[in-house]
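Structure at a glance
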Amino acid sequence: MIRKVYEIDPLICPKRGGTIRIVSFIEDHKVTDKIIKHLKLTFKAARPPPPQAQLSMASEDLSEYI
């Protein structure tokens with residue numbers, strides 16, 4: 001997905017150009033939070049997220065859909 005969206009291969013080392021291999025995934029958010037805290041990292045968005053689009057039906061009369 002990253003390759004398609006950002007048009008960059010996340011499994012290529014940006015420094016040396018070698019192939020990177022995924023060894024494991026951390027799925028437990030408590031573990032990732034602990035790692036982030038230990039590394040004293042903070043994540044702040046460069047800009048706020050875009051406003052949520054209002055979804056509306058073409059017709060408010062549901063009988064048209066039945």
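Placed above this text is the structure.
To continue, consider the overall build of the protein. Secondary structure assignment for the protein yields 2 helices and 0 strands. Buried residues in the protein amount to 2% of all 66 residues. A total of about 7,600 Å² of accessible surface is found on the protein, and carbon and sulfur atoms cover 59% of it.

Attention now moves to helix 2 (residues 29–38). Counting buried residues along helix 2, only 0 of its 10 residues qualify, which leaves the element largely exposed. You can read the cap of helix 2 off the contacts: a side-chain oxygen lies 3.1 Å from the backbone nitrogen of Lys30, and it is on Asp28. Looking one or two places after helix 2, you find Lys40, whose phi comes out positive at around 55°.

This paragraph deals with unusual backbone geometry. With a phi angle near 55°, Glu7 is a residue other than glycine that sits in the positive phi range. Secondary-structure assignment places Glu7 in the loop between helix 1 (2–6) and helix 2. Phi is positive for Lys40, close to 55°, though the residue is something other than glycine. Along the chain, the position of Lys40 falls in the segment after helix 2.

So, on to the pattern of salt bridges. Following the criterion strictly, the structure yields 1 salt bridge and no others. A salt bridge links Asp9 to Arg3; the nearest nitrogen and oxygen atoms lie 3.9 Å apart. Judged by relative accessible area, Asp9 falls into the partly exposed class, the value being 26%.

All right, on to a nonpolar patch on the surface then. A cluster of nonpolar side chains, contributed by Ile26, Val31, Ile35, Leu39, Leu41 and Phe43, occupies part of the molecular surface with about 560 Å² of accessible area. Positionally, Leu39 belongs in the segment after helix 2.

The rules behind each value
- Residues numbered from 1 in each chain as written.
- Predicted model: local features only at pLDDT ≥ 70, side-chain atom pairs only at ≥ 80, totals over all residues.
- Heavy atoms only, no water.
- Helix = DSSP H or I, 4+ residues; strand = E, 2+ residues; numbered from the N terminus.
- Buried < 20%, exposed > 50% of the residue type's maximum accessible area, 1.4 Å probe, protein only.
- Areas by Shrake-Rupley, 256 points an atom, 1.4 Å probe, with all protein chains shown as cover.
- Polar contact = N/O pair within 3.5 Å; in protein donor to acceptor, adjacent residues only side chain to side chain.
- Salt bridge = Lys/Arg side-chain N within 4 Å of Asp/Glu carboxyl O.
- Patch = residues over 30% accessible without salt bridge, like charges linked within 9 Å, V, L, I, M, F, W, Y side chains within 5 Å.

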